[in-house]
Every structure is written in C-alpha cells, then in structure tokens.
Amino acid sequence: PAEHSLHDLTRRSTDLADYLAEQIVADLPDDLQHFLRQSAIAERISPGLADAITGGSNGQVQLDRLHRLNLLVTPLDEDGIWFRYHPLLREYLCNILAIREGEHLDLLHGRAARWFAAAGYLADALQHAARISDPEAGLQIMEAAGGWRVALTGGLAILRHLEGVALDDPLRWPRVWLAQAYLAAQQGRLDEARTAI
C-alpha cells in the first residue's frame with residue numbers, strides 16, 4: 001500500500017536522500033544544482049532573495065525554470081513572487097550544502113538576513129541571523145530596526161529573539177537594551193525590567 005511504502009521510505013532517510021539525488025537533482029545542470037543548494041537555506045524564496053543569497057542576477061529565471069520542470073517547487077502566490085521547495089527536497093539540499101559548502105553558510109545566511117531586514121521581514125531576518133556564528137548579527141539587525149519599537153508593529157514574538165542574549169554595553173546597543181527591558185516588563189518580570197532601565 002502507498003501508506004506503507006511512504007512510511008518505509010521516509011523512515012530510511014539515506015534511501016530518500018539517494019532517491020532525491022538520483023531522480024531529481026543529479027540530472028540538472030551544475031548551475032541549477034548550485035542555485036538550488038544555496039537558495040534552499042530559506043524556507044521561502046523569491047527572485048530578489050535568491051539573487052541576494054547566491055550573489056547572482058538570474059533568480060527569476062532559475063525559479064521559473066525549476067517550476068516549469070515541476071521539481072517539487074511550489075509557488076506561494078498567484079504572482080509567482082514567492083516559492084517554496086518541498087520540505088524533503090529542501091532538507092536534502094541543505095544537508096548537501098553543509099557537506100560541500102559548509103564554510104559558506106555564514107555568508108549565505110548573512111546575505112539572507114540582510115535582504116529580509118531591508119525588505120521589512122524582521123522575523124525572517126532574525127531567524128537567519130541566529131544561524132550565523134557571529135552573535136552580533138542579530139543585534140545589529142534589531143538595533144537598526146528600532147529595538148523595542150519593533151514590538152509596536154511586529155508584536156512581542158519578534159522580541160523573543162532577544163531571550164537569552166547577553167548584552168554587555170547598553171550604550172552600544174541602546175534600542176536592543178530597551179527591547180529586552182520592554183520584553184521583561186511585558187512578561188511580568190518587572191524587577192528585571194527596572195534594573196535594565
């Protein structure tokens with residue numbers, strides 16, 4: 001039965017990876033494979049984001065090409081601006097990226113974080129910044145975005161990216177410092193908020 005076959009296939013991840021490599025990715029041109037691997041770091045991808053991540057200028061062409069080939073790439077809107085790779089394909093591509101180009105992951109996530117921040121997608125920017133080995137990447141994005149003021153437009157969920165972040169200098173990160181105080185106050189930790197302020 002199909003259910004049994006699917007369960008058996010997903011249980012054996014190496015078989016699934018082999019299938020994806022042999023049946024979907026291996027026959028693609030090298031440039032398209034490279035594009036897929038690098039752009040797979042994002043949960044959703046647009047031509048502009050793809051260009052930012054890969055450092056290229058043909059994101060629209062590549063995404064249209066992948067969609068026409070029906071390679072587990074799904075448009076998320078009617079305008080064809082945002083796409084998503086199938087989760088299993090994305091997981092496979094990210095694993096291959098880590099093996100082949102692991103030293104570039106900080107660079108790629110940094111590019112994605114900066115693009116998302118400039119486009120006003122702060123939560124996405126902070127998710128990518130959290131994957132960078134430089135702990136200040138997220139702080140820079142949050143400080144530039146206005147620190148505590150982002151809670152007024154983006155809600156407290158965005159400030160939760162600051163939980164557990166140790167700040168050493170309020171003068172260096174004043175908006176982020178106030179954001180942590182604001183978050184503590186909203187969560188009922190008033191003594192912590194007063195001390196921070």
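Let me begin by describing the structure that accompanies this report. (Residues numbered from 1 in each chain as written. Predicted model: local features only at pLDDT ≥ 70, side-chain atom pairs only at ≥ 80, totals over all residues. Heavy atoms only, no water.)

### What to know about the packing of aromatic side chains
Line of reasoning, step 1. One pass over the full model with this rule turns up six aromatic pairs.
Line of reasoning, step 2. Residues W82 and W115 carry aromatic rings whose centres are separated by 6.0 Å and whose planes lie at 75 degrees to one another, so their mutual orientation is edge-to-face. In this pair, W82 is assigned in the loop between β1 (73-75) and β2 (83-85) and W115 in helix α7 (residues 105-119), connecting sequence segments 33 residues apart.
Line of reasoning, step 3. Ring geometry for W82 versus F116: centroids 6.4 Å apart, planes at 5 degrees, classification stacked. Remark: F116 occurs in helix α7 and W82 occurs in the loop between β1 and β2; sequence separation between them is 34 residues. Summarising the burial analysis for this pair, W82 and F116 share the class buried.
Line of reasoning, step 4. Among the aromatic residues, ring-to-ring pairing joins W82, W115, F116 and Y121 into one connected group.
Line of reasoning, step 5. Cation over ring: R44 sits above W82, and NZ or CZ is 4.3 Å from the ring centre.
Line of reasoning, step 6. Over the ring of Y121 we find R44, and its NZ or CZ is 4.8 Å from the ring centre. (Phe/Tyr/Trp six-rings, centres within 6.5 Å; stacked < 30°, edge-to-face > 60°. Helix = DSSP H or I, 4+ residues; strand = E, 2+ residues; numbered from the N terminus. Buried < 20%, exposed > 50% of the residue type's maximum accessible area, 1.4 Å probe, protein only. Lys NZ or Arg CZ within 6 Å of the ring centre and 35° of its normal.)

### Some remarks on the pattern of salt bridges
Line of reasoning, step 1. If you walk through the whole model with that rule in mind, you get seven salt bridges.
Line of reasoning, step 2. Of the charged contacts in the structure, one is a salt bridge between R44 and D124, with a shortest N-O distance of 2.9 Å. Highlighted residues: R44 in the loop between α3 (30-39) and α4 (47-54) and D124 in helix α8 (residues 122-129), separated in sequence by 80 residues.
Line of reasoning, step 3. On the basis of relative accessible area, R44 is assigned to the partly exposed category, the value being 24%.
Line of reasoning, step 4. In this structure, R172 and E136 form a salt bridge, with 2.7 Å as the shortest nitrogen-oxygen distance. Here R172, found in the loop between α11 (156-159) and α12 (174-186), pairs with E136, found in helix α9 (residues 136-145); they are 36 residues apart in sequence, far enough to count as distant.
Line of reasoning, step 5. In this structure E136 comes out as partly exposed when scored by relative accessible area, which is 24%. (Salt bridge = Lys/Arg side-chain N within 4 Å of Asp/Glu carboxyl O.)

### Thoughts on the packing of α8 against α9
Line of reasoning, step 1. Where α8 contacts α9, the axes come no closer than 8 Å and their chain directions differ by 160 degrees. Judged by the inter-axis angle, α8 sits roughly antiparallel to α9. For the pair α8 and α9, the sense of crossing is right-handed. Counting all contacts with α8, which are made through L122, A125, L126 and A129, the residues of α9 involved are A137, G138, I141, M142 and A145.
Line of reasoning, step 2. Of the residues assigned to the contact of α8 with α9, the class counts are eight nonpolar, one polar and no charged. (Axes fitted to C-alpha atoms, helices over the stretch in contact; angles between N-to-C directions. Parallel < 35°, antiparallel > 145°, perpendicular 65-115°, else oblique. Left-handed = near helix turned anticlockwise from the far one by under 90°. Contact = heavy atoms within 4.5 Å. Nonpolar A, V, L, I, M, F, W, Y, C, P; charged D, E, K, R; others polar.)

### As for α12
The periodicity of an α-helix, 3.6 residues per turn, causes residues three or four places apart in sequence to face the same way.
Line of reasoning, step 1. Across its 13 residues, α12 extends 18 Å between first and last C-alpha, which sits within 8% of the 18 Å expected from 1.5 Å per residue.
Line of reasoning, step 2. Every buried residue of α12 is accounted for by V176, A179, Q180, A181, L183 and A184.
Line of reasoning, step 3. Where α12 ends, the next residue or the one after it, G188, has phi of about 85 degrees, a positive value. (Expected span 1.5 Å × (residues − 1).)

### Brief notes about the nonpolar core
Line of reasoning, step 1. Within the largest apolar cluster, 47 residues are counted, with the highest numbers of intra-cluster contacts made by I45, L49, I53, L66, Y85, L93 and M142.
Line of reasoning, step 2. For I53, the contacting residues outside a window of four places in its chain are Q38, S39, I41, A42, I45, L108, R111 and A112. (Core = buried A, V, L, I, M, F, W, Y, C linked by side-chain atoms within 4.5 Å.)

### Quick notes on a nonpolar patch on the surface
Line of reasoning, step 1. Together, W148, L178 and I197 line one region of the surface with nonpolar side chains, adding up to about 310 Å² of accessible area.
Line of reasoning, step 2. Mapped onto the elements, W148 comes out in the loop between α9 and α10 (150-154). (Patch = residues over 30% accessible without salt bridge, like charges linked within 9 Å, V, L, I, M, F, W, Y side chains within 5 Å. Areas by Shrake-Rupley, 256 points an atom, 1.4 Å probe, with all protein chains shown as cover.)

### Looking at helix α6 (residues 87-101)
Line of reasoning, step 1. Taking 1.5 Å per residue, 15 residues should reach 21 Å; α6 reaches 20 Å between its end C-alpha atoms and fits that length.
Line of reasoning, step 2. Buried within α6 we find L89, R90, Y92, L93, I96, L97 and E101. Down the axis of α6, the smallest arc covering the buried residues is 160 degrees, so these residues share one side. For α6, the exposed residues lying more than 90 degrees away from the buried face are P87 and I99. (Arc of directions from axis to C-beta.)

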